[in-house]
Amino acid sequence: MFAVHLLSFYFSKLQEDQIKKVDRFLYAMRLSDDQLVDVSTRFRVEMEKGLSCESNATAAVKMLPTHVRSTPDGSEKGEFLALDLGGSRFKVLQVKVSENGKRKVEMESETYPIPDEIFNGRGTDLFSHVAECLKDFMEKKNMNQKKKPLGFTFSFPCAQSKLDEGVLLSWSKNFKSRGVQGTNVVHSLRQAIRRVGDIDVDVLALVNDTVGTMMTCGYDDHHCEVGVIVGTGTNACYMEEMRHIDLVEGDEGRMCINTEWGAFGDDGTLDDFVTSFDKEIDAASINPGKQLFEKMVSGMYMGELVRLILLKMAKKGLLFGGMVSDALRTKGKLQTKHICSIEEYKNGLSNTKGILTELGLRPSDDDCIAVQHVCTIVSFRSANLCAAALAAILTRIRENRKVKTLRTTVGVDGTVYRTHPQYSKRLHKVVRRLVPDCHVRFVLSESGSGKGAAMVTAVAQRLLSQRKQVDDTLAHFSLNRDQLRVVRDKMRVELERGLRKDSHSSASVKMLPAFVFQTPDGTERGKYLALDLGGTNFRVLVVKIRSGIRKSVRMYNKIYAIPHEIMQGTGEELFDHIVHCISDFLDYMGMKNTRLPLGFTFSFPCRQTGIDKGSLVSWTKGFKATDCEDHDVVDMLRDAIKRRNEFDLDIVAVVNDTVGTMMTCAYEDSKCEIGLIAGTGSNVCYMEDMRNIETVEGDEGQMCVNTEWGGFGENGCIEDIRTKFDREVDEGSLNSGKQRFEKMTSGMYLGEIVRQILIDLTKRGLLFRGRITEPLKTRGIFETKFLSQIESDRLALLQVRCILQQLGLDSTCDDSIIVKEVCGAVSHRAAQLCGAGMAAIVEKIRENRGLEHLEITVGVDGTLYKLHPHFSRVLKDTVRDLAPKCTVSFVLSEDGSGKGAALITAVARRYCGGAQQQVN
């Protein structure tokens, strides 16, 4: 027993001594975590250089855009051909992708050798050989009945300007075919196919093998957004945000970047990590000074690197008793497959002895241990370097997404990764150690990059089909200049009809007289109470107006909620609630015993017979309180005040919010004679000549008219531009058939139009992987604020996805792009329609006054105008285009229509006082 222990101790000591000996000799190849973090940081810098227009030309890591914009989503289907050219053998594949809820891929392939004379001959011969192999495969499979889409995996660095175009930058992996570098390889393939003849294919995509690997794995795992090859060569690709890719136009979405990381270090970045053995490998290669990282990592050089190390150690007497064989001196005699055998768990030492013996050496046991450790250090360094670069990519993706932890999948392929007994585990372990904030799953590509080429082609075909269907859907929201002119002219007709006695009752634009005869002139003064009711919130204000040189308006207000049950209850309950709020405010202000003149902003269509008389025409904005329509709202307010019997109010004016907005802005700008609300609702008022208002007696002066243009189209005059989505929204509303223009232009309905479009696109499998979730079925889920946020130019697509996820919509990057486009189409049309309506009004005012050119100001309020990033610009552009003889300025109302109600009350007091003086 003692002898056994002694032998075991001796063997362990011998092994330890041999390992120390190798460690001392190869100390420069053993990399600490700090060094790997340093390598990773350097690679991050190189990625940035490659992505930037300014530095790409001199960058070693080229970061080539692949024009692959999406990973598979599982809905791909069809029959595809794929070519896979990247080594000494060439593969042709037939790939059948079926969806139908089962997601299945069937493949048939054939491998063809590439003779040495083709490797080293002319480029035309190489591509003719590829085309002939393709023809042979298609004839064997009887595939010439119908044109087939084809993806071409070409595993060499190419600069791509689109998916089906790629200019070869340089050969690698011992390829030397002449006349190909600097040319478009897809064009060369197409020419060869034409020369060979009788091949009916459509080359849709050029794919790097790394991209093919990512796409292959991405079909089975939707989280896969990185591809890595560690085989004969090495490379990586990943999905980068478009906004960071200077070399390609556009900021929306993502694109796969082929890093070409094999060239990392070609500019000297890794010189302090390059050993004398690496330099010797490089000097003896066919491309000295190029692909330095690849020469330190990939299988093509790993065996040769070990051979050079063993040769040097033997010459120094550290191995084989100082003996060297001819085979050990011969380049290429030790290959990566030998390294894999040497590092096997159980049979490693016996394999080592056999391989060294085949090299003409007589190794001792300690020689075998030392050689095995040399192989471990070389392969471990490869895995470490690969892990450091991959960690840089993963960190970049995490930071792009602005998340604390990243969950992602890396698709991997390559003979080293597949066949080396320990490589994959080492790589995984080091990556996870370097990026603990990334939860990484590694998936081996089972079907190679040929399937990936087919997948890229399938995705390209799917996106092309989806793009057309989405464009066709949104085309209905795109209004050209002629259509907008028609809207302008029809609006003008309805404005005229609403003003005339004989057609007023049948006009869709009611043109309600507001009995506001003047805008403020700056002499208004006093203290006023104002009420503002127009949505789910109700505001009570005290407004103090000061005139003279230092004119000013000071306001004190309190906001109260209008519960849904009150909005939908009885009129008596609604006005009792309003009076309760007023009572609370007067208590709050200590004004219960003060009888102030009051202006009541009531933002619903009212038929007025005086400044303080207004009968509700119809509820809008979700209100449905009973026994209110056709009743005077001022009388209803007075009755509620009497029922409470706590205070009395001098109700001077009932005001529409649009009129209030105009008056607020007119106080600062005397040219303001139009008010526009573009928010929850949509409406306009303006100062009309009394002679044109047939529904009111008198021909002198002007009066503000509340157009109530939200009803435009109720007579069917704009049916030609209403979409099926507008009709669905209308049918699902509380007032079906009413307020058709408002339902196409206001914030209350735009989100609902978007939701209907998203449901339609999802049903057709164009969004959210065809799954209609409960949130998507929920009315009102899309509020105006979400449209405004989603369309913000400052918002990255990742943030758009976050908004959708908050709404319970789990979107991909592609989904987010489509949702943003849908929001843009709907809001753009709304702004154009408002612009066309406004053009009709300013043109009418200009013609009323017989002017060649009109200068006028529009006072504006409303969340859509204020918060949407593009609405105001599109509105102004449309007015400018459709009313070229009018210079229209838009002024935003900062203080709301409550201030306007007070100003109207002040103006009414002044106007009535002036009229009384004239009578006296």
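Look a little higher up for the structure.
Caption draft 1: Representation of the overall build of the protein in the model. If you tally the helices and strands in the protein, you get 31 helices and 26 strands. By the compact-globule yardstick of 29 Å for 920 residues, the protein is too spread out, its C-alpha radius of gyration being 38 Å. When the 920 residues of the protein are sorted by exposure, 60% land in the buried category. By sequence separation, contacts in the protein at least 24 residues apart represent 71% of the contacts at least 6 residues apart. Total accessible area on the protein stands at roughly 37,800 Å², and carbon and sulfur atoms take up 48% of it. Measuring between centres, the 124 positive side-chain charges of the protein sit 4 Å from its 123 negative side-chain charges.

Caption draft 2: The arrangement of the packing of aromatic side chains in detail. All told, the structure shown has 19 aromatic pairs when counted by the stated rule. Aromatic pair Phe152 and Phe154: ring centres 5.5 Å apart, planes at 55 degrees, arrangement tilted. Phe154 shares its class with Phe152; the two are buried. By the ring-pair criterion, three or more aromatic residues cluster together here, those being Phe600, Phe602, Phe604, Trp619 and Phe623. The residue whose ring lies beneath Arg426 is Phe380, and the NZ or CZ to ring-centre distance is 4.9 Å. The positively charged end of Lys558 is found above the aromatic ring belonging to Tyr588, 4.7 Å away from the centroid.

Caption draft 3: Seen up close, the packing of helix α19 (residues 571-589) against helix α20 (residues 633-644). Packing of α19 against α20 leaves a shortest axis separation of 9 Å and a crossing angle of 65 degrees. The hand of the α19/α20 crossing is right-handed. Contact with α19, carried on its side by Gly571, Glu572, Phe575, Asp576, Ile578, Val579, His580, Ile582 and Ser583, involves Val633, Met636, Leu637, Ala640, Ile641, Arg643 and Arg644 of α20 and no other residues of that element. By residue class, the composition of the contact of α19 with α20 is nine nonpolar, three polar and four charged.

Caption draft 4: How the structure looks around a negative patch on the surface. Together, Glu572, Glu573, Asp627 and Asp639 make up a negatively charged patch on the protein surface. Along the chain, Glu572 falls in helix α19.

Caption draft 5: Structural context of the nonpolar core. By size, the foremost hydrophobic cluster in this structure holds 113 residues, and its most contacted members are Ile674 and Phe782. The dominant element in this core, judged by the number of residues it contributes, is helix α28 (residues 813-848), at 17 residues. Excluding residues that lie within four positions of it along the chain, Phe782 makes contacts with Gly751, Glu752, Val754, Leu758, Leu787, Ile790, Leu804, Leu807, Leu809, Val819 and Cys823. Val226, Leu270, Leu305 and Leu328 belong to the second largest nonpolar core, which has 86 residues in total.

Caption draft 6: Structural view of the sheet that holds strand β26 (residues 886-892). Read from one edge of the open sheet, six strands run β14-β24-β23-β22-β25-β26, paired in mixed fashion. The outermost strands of the open sheet, each flanked by one partner alone, are β14 (512-513) and β26. Summarising the sheet, β14 and strand β24 (residues 702-706) pair through two bridges and their orientation is antiparallel. From the neighbouring strand, Leu512 faces β24, where its bridge partner is Asn706. Seen against the sheet, helix α21 (residues 657-666) touches β22 (672-678), β23 (682-689), β24, β25 (854-861) and β26 and runs at an angle of roughly 130 degrees to β22. Taken strand by strand, helix α30 (residues 871-882) contacts β22 and β26, and its axis lies near 160 degrees from that of β26.

Caption draft 7: Structural view of unusual backbone geometry. Phi at Asp627 is positive, roughly 60 degrees, even though this residue is not glycine. Secondary-structure assignment places Asp627 in the loop between β20 (613-616) and α20. One non-glycine residue with positive phi stands out, namely Asn645, at about 60 degrees. Examined against the element boundaries, Asn645 turns out to sit in the loop between α20 and β21 (650-655).

Caption draft 8: How the structure looks around the packing of helix α13 (residues 365-401) against helix α15 (residues 423-434). It is at 8 Å that the axes of α13 and α15 come closest, and there the two elements cross at 40 degrees. By the criterion of interaxial angle, the relationship of α13 to α15 is oblique. In terms of crossing hand, the pair formed by α13 and α15 is right-handed. Contacts from Thr376, Ser379, Phe380, Ser382, Ala383, Asn384, Cys386, Ala387, Ala388, Leu390, Ala391 and Leu394 of α13 reach α15 at Tyr423, Arg426, Leu427, Val430, Val431 and Leu434. Tallied by class, residues from the contact of α13 with α15 come to 13 nonpolar, four polar and one charged.

What counts and what doesn't
- Residues numbered from 1 in each chain as written.
- Predicted model: local features only at pLDDT ≥ 70, side-chain atom pairs only at ≥ 80, totals over all residues.
- Heavy atoms only, no water.
- Helix = DSSP H or I, 4+ residues; strand = E, 2+ residues; numbered from the N terminus.
- Rg over C-alpha atoms; globule rule 2.2 N^0.38 Å.
- Buried < 20%, exposed > 50% of the residue type's maximum accessible area, 1.4 Å probe, protein only.
- Contact = heavy atoms within 4.5 Å.
- Areas by Shrake-Rupley, 256 points an atom, 1.4 Å probe, with all protein chains shown as cover.
- Lys, Arg positive; Asp, Glu negative; His and termini not counted.
- Charge placed at Lys NZ, Arg CZ, Asp CG, Glu CD.
- Phe/Tyr/Trp six-rings, centres within 6.5 Å; stacked < 30°, edge-to-face > 60°.
- Lys NZ or Arg CZ within 6 Å of the ring centre and 35° of its normal.
- Axes fitted to C-alpha atoms, helices over the stretch in contact; angles between N-to-C directions.
- Left-handed = near helix turned anticlockwise from the far one by under 90°.
- Nonpolar A, V, L, I, M, F, W, Y, C, P; charged D, E, K, R; others polar.
- Patch = residues over 30% accessible without salt bridge, like charges linked within 9 Å, V, L, I, M, F, W, Y side chains within 5 Å.
- Salt bridge = Lys/Arg side-chain N within 4 Å of Asp/Glu carboxyl O.
- Core = buried A, V, L, I, M, F, W, Y, C linked by side-chain atoms within 4.5 Å.
- Pairing = 2+ DSSP bridges.
- Parallel < 35°, antiparallel > 145°, perpendicular 65-115°, else oblique.

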